[in-house]
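Chain and residue survey
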Amino acid sequence: MKKNNIILIGFMGVGKGTIARALVKESSMFAIDTDDLIESMENRKIKKIFASDGEPYFRNLEKKTALWLEGNVKNTIISTGGGFFKQENIQNIGTIVYLKSSFEGILKRIKKSPNAKNKLNKRPLLKNKKDALKLFNDRNSQYEKVANVVVDVENKDIDLIVKEILGII
Ligand code: S3P
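Residues numbered from 1 in each chain as written. Predicted model: local features only at pLDDT ≥ 70, side-chain atom pairs only at ≥ 80, totals over all residues.

Here is the rule we go by: UniProt positions are given in the numbering used here, feature names are shortened, and annotations may be inferred rather than shown by experiment.
For the protein, the name recorded in an unreviewed UniProt entry is Shikimate kinase, with Aliarcobacter cibarius as its organism. Under Pathway (unreviewed entry), UniProt gives the following word-for-word description of the protein: "Metabolic intermediate biosynthesis; chorismate biosynthesis; chorismate from D-erythrose 4-phosphate and phosphoenolpyruvate: step 5/7." As its UniProt record puts it under Subunit (unreviewed entry), the protein is described as follows: "Monomer."

Below, the structure is given as structure tokens:
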């Protein structure tokens with residue numbers, strides 16, 4: 001089956017969800033988000049899952065989600081949690097687009113948002129800035145390696161990002 005899915009990967013706060021919603025408006029595709037799927041599967045927030053059951057438990061839910069996506073989803077823009085790119089079967093789900101920005105660019109974007117506090121609060125791995133920067137540095141090249149397409153999103157208007165992605169895929 002040709003799936004025609006687009007998978008948006010990238011660091012926390014880079015704008016995967018926002019870009020997915022903007023892409024939907026400009027295409028005939030649907031959108032789903034892996035963190036949303038996990039939250040509805042578990043009937044609780046990501047923050048709660050991390051706090052009560054820990055990160056390995058959450059990663060296992062991501063694995064389950066990846067397998068479900070591979071078997072069941074097509075014509076969909078899939079926004080993902082920042083660590084979802086590690087799923088072994090990700091290449092079988094669709095075209096992988098890495099939304100790239102510097103760490104400073106991401107922090108700037110979060111700070112600008114009207115609900116900045118909530119954005120920081122709901123992400124357990126963003127709590128400590130030093131640890132988050134380390135994670136960012138570790139992951140940067142890994143995102144590039146797994147991606148089929150890299151789109152630089154820093155300081156770019158959302159319309160332009162959408163245009164670029166639709167032009168590439
Ligand atoms: C994570 C990113 C989060 C969420 C979880 C873990 C990560 O998603 O999946 O807190 O490992 O980078 P966002 O990238 O949407 O913040």
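After presenting the structure, the write-up continues.
Re the UniProt feature "binding site: ATP" (unreviewed entry) in the protein
Rules: The secondary structure listing takes helices from DSSP runs of H or I that are at least 4 residues long and strands from runs of E that are at least 2 residues long, numbered from the N terminus. Exposed residues have 12 or fewer other C-beta atoms within 10 Å of their own C-beta, buried residues have 20 or more, and partly exposed residues fall in between, where C-beta atoms are placed from the backbone. We call two residues in contact if the C-beta atoms placed from their backbones are at most 7 Å apart.
If you check UniProt for "binding site: ATP" (unreviewed entry), the listed places come out as Gly13, Val14, Gly15, Lys16, Gly17, Thr18 and Arg123 in our numbering. For Lys16, the position within the fold is in helix α1 (residues 16-25). On the basis of neighbour count, Lys16 is assigned to the buried category, with 27 C-beta atoms found within 10 Å. For Lys16, the contacting residues outside a window of four places in its chain are Leu8, Gly10, Ser79, Thr80 and Leu99. Here Arg123 falls in the partly exposed class, since 19 other C-beta atoms lie within 10 Å of it.

A look at the UniProt feature "binding site: substrate" (unreviewed entry) in the protein
Mapped onto this numbering, the UniProt entry annotates "binding site: substrate" (unreviewed entry) at Asp35, Arg59, Gly82 and Arg139. Secondary-structure assignment places Asp35 in helix α2 (residues 34-42). Once residues lying within four places of it in the same chain are set aside, the contact partners of Asp35 are Ile46 and Gly81. Along the chain, Arg139 turns up in helix α7 (residues 129-146).

Concerning the packing of helix α3 (residues 46-53) against helix α4 (residues 55-72)
When two helices pack together, you describe them by how their axes are tilted relative to each other and by the distance separating the axes. To be explicit about the condition: The axes used here are C-alpha line fits, helices contributing only the stretch in contact, and every angle between their N-to-C directions lies in the interval 0 to 180 degrees. In this scheme, roughly parallel covers angles under 35 degrees and roughly antiparallel covers those over 145, while 65 to 115 is roughly perpendicular and the rest are oblique. Amino acids are sorted into nonpolar (Ala, Val, Leu, Ile, Met, Phe, Trp, Tyr, Cys and Pro), charged (Asp, Glu, Lys and Arg) and polar (every other residue, Gly among them).
Between α3 and α4, whose axes approach to 7 Å, the crossing angle comes to 130°. In this view, α3 runs oblique relative to α4, as classed from their interaxial angle. Listed contacts from α4 to Ile49, Phe50 and Asp53 of α3 are Glu55, Tyr57 and Phe58. Looking at the contact of α3 with α4 residue by residue, the class counts come to 4 nonpolar, no polar and 2 charged.

A short note on the pairing of strand β4 (residues 95-100)
Basically, it comes down to this: The pairing criterion for strands is at least two bridges between them, as found by DSSP.
Taken together, the 4 bridges between strand β1 (residues 6-9) and β4 define a ladder with parallel strand orientation. Pairing of Leu8 across the sheet is with Val97, part of β4. When β4 meets strand β5 (residues 149-152), the two strands line up parallel, connected through 4 bridges. When the bridges of β5 are listed, Tyr98 appears paired with Val150.

Considerations on unusual backbone geometry
Of note in this structure, Asn43 is not a glycine but carries a positive phi near 55°. Unlike most non-glycine residues, Asn155 shows phi in positive territory, near 60°. Relative to the elements of secondary structure, Asn155 occurs in the loop between β5 and α8 (158-168). Look at Asn155 and you get exposed, because 10 C-beta atoms sit within 10 Å.

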